[in-house]
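Observations on chain architecture
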Amino acid sequence: MAGVSDLPYRVIAMNHGAAMTTTEMVSAKGLYFNNEKTKNMLKIHEGEHPVTIQLFGSDPDIMAFAAKEVQKVGADIVDINMGCPMHKIVRNGEGSALMKNVSLAADIVKSMARAVSVPVTVKMRIGWDEKSINCIELAQAVEEAGAAAITVHGRTRSEMYMGHAHWDVIKRVVESVAIPVFGNGDVVDGISAKRLMEETGCAGIAIGRAAWGNPWIFRSVNAYLQDGSILSEPTAGEKLRMAELHLKGLVINKGEYVAVREMRAHASHYFRGLRKATELRRGIMKAQSEKEFIDLLHVYKKKYDL
């Protein structure tokens, strides 16, 4: 969720029912070398708790140092990314590449768990590829090393985000360890959330890509799990108001120049399903200021009486 689960969006997600938020993955080396941009990613809103700060790296000592740093700023949980499939991450032996080195992965968990008093958790995939589905081995190793919980994305690294998540494999992980296992992959609404929990026995659900431009998903999942209620989809007007709120949060946290440009990607997701959304997207891609961006939203709302 790099570029998505930053502070402004995490606050929006929590206000819409997310039980816990997780930061974008933060470079342990960046913290170790006192990189200012990396340190800025550790900002937590005072009302955001519980919040998890997710670290990535492959050196046990540096990861332990970084864990101490994120505990200092108020993280309730420190999570280790062992699932990111992107080349720029795995080429350094980080992210899902750690699944190919179970002993190193366990050493990282052990080093971090000893360094902090908050829970240390792990986010993983089911394996590197279809020939090396070793999530059970890894889950048991990190549990023994001190991990308090595990989140399993039901795809291999080679599958990236294609095809369907293998919920049957998540179930086997649940059955193989005593610590809580959270399921991740292909949850898009309350119905799929309940199915994942019933089919795997997982302790909870991690929602990622389906929440991009759709913070209402948390409210909908909660309602369905509570009593089977199916909430109505957000209206076009609600989507536009949320996009404006999101932009304003980004401006406060990152400044106007960065915020307007980052919001272009978010806006495309908020605009899904809107009438003539293409014309709105074209305008947004050319917007250079907060005012210009918001004016475009207001013109669109007036044009379609939203």
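Just so it is clear, the model here is predicted, and its values are computed rather than measured.

**What about the state of the cysteines?**
What the rule picks out here adds up to zero disulfides. Looking at the unpaired C84, the closest cysteine sulfur is the one in C135, lying at 18 Å. For C84, a relative accessible area of 9% gives the class buried.

**Looking at the UniProt feature "domain: DUS-like FMN-binding" (unreviewed entry) in the chain**
What UniProt calls "domain: DUS-like FMN-binding" (unreviewed entry) maps, in this numbering, to residues 1-297. In residues 1-297, helix accounts for 49% and strand for 13%; the two terminal C-alpha atoms are 25 Å from one another.

**Notes on the side chain of R10**
Note that R10 resides in helix α1 (residues 7-15). For R10, the contacting residues outside a window of four places in its chain are S5, T21, T22, T23, K43, I44, E48 and V51.

**A closer look at the pattern of salt bridges**
Working definition: two side chains of opposite charge can pair if their charged atoms are close together. Evaluation of the coordinates by the stated rule reveals 11 salt bridges. Note that E199 and R195 form a salt bridge whose closest N and O atoms lie 3.3 Å from each other. One end of the pair is E199 and the other is R195, both in helix α9 (residues 190-200) and four residues apart, which spans about a single turn. Here the salt bridges do not stand alone but share partners, grouping D6, K254 and E262 into one network.

**Points about the environment of P60**
Tracing the backbone shows P60 in helix α4 (residues 60-72). The class for P60 is partly exposed, based on a relative accessible area of 22%. Separated by 48 residues in sequence, P60 and I108 place their C-alpha atoms 4.3 Å apart. Contact partners of P60, with chain neighbours within four places excluded, come to L104, D107, I108 and S111.

**Points about the packing of helix α12 (residues 256-270) against helix α14 (residues 290-303)**
Interaxial distance between α12 and α14 falls to 9 Å at its minimum, and their mutual angle equals 30°. By the angle between their axes, α12 is roughly parallel relative to α14. Contacts between α12 and α14 involve E256, V260, M263, R264 and A267 on the former and, on the latter, E290, K291 and F293. By residue class, the composition of the contact of α12 with α14 is four nonpolar, no polar and four charged.

**Focus: the packing of aromatic side chains**
All told, the structure shown has four aromatic pairs when counted by the stated rule. Considering the side-chain rings of Y32 and F65, the 5.4 Å spacing of their centres and the 85° angle between planes classify their relative orientation as edge-to-face. In this pair, Y32 sits in helix α2 (residues 28-32) while F65 sits in helix α4, placing the two residues 33 residues apart along the sequence. The exposure class assigned to F65 is partly exposed, which follows from its relative accessible area of 29%. Seen from their ring centres, W216 and Y270 are 6.4 Å apart, and the 85° between their planes marks the pair as edge-to-face.

Rules behind the numbers
- Residues numbered from 1 in each chain as written.
- Predicted model: local features only at pLDDT ≥ 70, side-chain atom pairs only at ≥ 80, totals over all residues.
- Heavy atoms only, no water.
- Disulfide = S-S within 2.5 Å.
- Buried < 20%, exposed > 50% of the residue type's maximum accessible area, 1.4 Å probe, protein only.
- UniProt positions renumbered as here; feature names shortened; annotations may be inferred.
- Helix = DSSP H or I, 4+ residues; strand = E, 2+ residues; numbered from the N terminus.
- Contact = heavy atoms within 4.5 Å.
- Salt bridge = Lys/Arg side-chain N within 4 Å of Asp/Glu carboxyl O.
- Axes fitted to C-alpha atoms, helices over the stretch in contact; angles between N-to-C directions.
- Parallel < 35°, antiparallel > 145°, perpendicular 65-115°, else oblique.
- Nonpolar A, V, L, I, M, F, W, Y, C, P; charged D, E, K, R; others polar.
- Phe/Tyr/Trp six-rings, centres within 6.5 Å; stacked < 30°, edge-to-face > 60°.

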